[in-house]
Amino acid sequence: MIGRMNHIGIAVPSIEAAMETYRTLYGASEFTQPFDMPAQGVRVGFVNLPNTQIELIEPLGDTSPILNFLEKNPRGGQHHVCFEVADIHEAKAEMERRGAKVLGEPRLGAHGTLVIFVHPKDSNGVLIELMETPKDH
Ligand code: CO
């Protein structure tokens, strides 16, 4: 069963420009330093909010998996929602047992714990990320 909502993933053409929007339009004041995740083909930065985070995702390299998404949504758009689970391998096996399409094997996510993605067709058109709860939570 899913637990806490960890973050909402938003694909953007520029993390800095998006952070500026959250700063000037919405008054957000806590941002993490963006960093590259070459293995996933993305650059990531977080807006910290009292109850959750917004994960801003920018394409990295010309084979980035979010390039297609940004072609269809040039200004950016909501990309995925991430919920925490206790054990990622158990979650993957259970999701598959329930008939969901899990995309690929567990891989290291932006928070340093393993994540999987579940195909949007199984969740009302929303791409779902499941993330193993960080041990220090
Ligand atoms: Co995410």
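This write-up is about the structure you can find in this document. If you're wondering where the values come from, they're calculated on a predicted model, not measured in any experiment. (Residues numbered from 1 in each chain as written. Predicted model: local features only at pLDDT ≥ 70, side-chain atom pairs only at ≥ 80, totals over all residues. Heavy atoms only, no water.)

## Some thoughts on the overall build of the protein
- Helix and strand counts for the protein stand at three helices and eight strands.
- Mapped in sequence order, the helices and strands of the protein form the string β-α-β-β-β-α-β-α-β-β-β.
- Against the compact-globule benchmark of 14 Å for 137 residues, the protein has a radius of gyration of 15 Å, which places it among compact chains.
- Projected onto its principal axes, the C-alpha positions of the protein cover 45 × 35 × 30 Å.
- Expressed as a percentage of the 137 residues in the protein, the buried residues total 43%.
- Taking as baseline every contact in the protein between residues at least 6 positions apart, the subset at least 24 positions apart corresponds to 52%.
- Approximately 7,900 Å² of the protein is accessible, and the part contributed by carbon and sulfur atoms is 54%. (Helix = DSSP H or I, 4+ residues; strand = E, 2+ residues; numbered from the N terminus. Rg over C-alpha atoms; globule rule 2.2 N^0.38 Å. Buried < 20%, exposed > 50% of the residue type's maximum accessible area, 1.4 Å probe, protein only. Contact = heavy atoms within 4.5 Å. Areas by Shrake-Rupley, 256 points an atom, 1.4 Å probe, with all protein chains shown as cover.)

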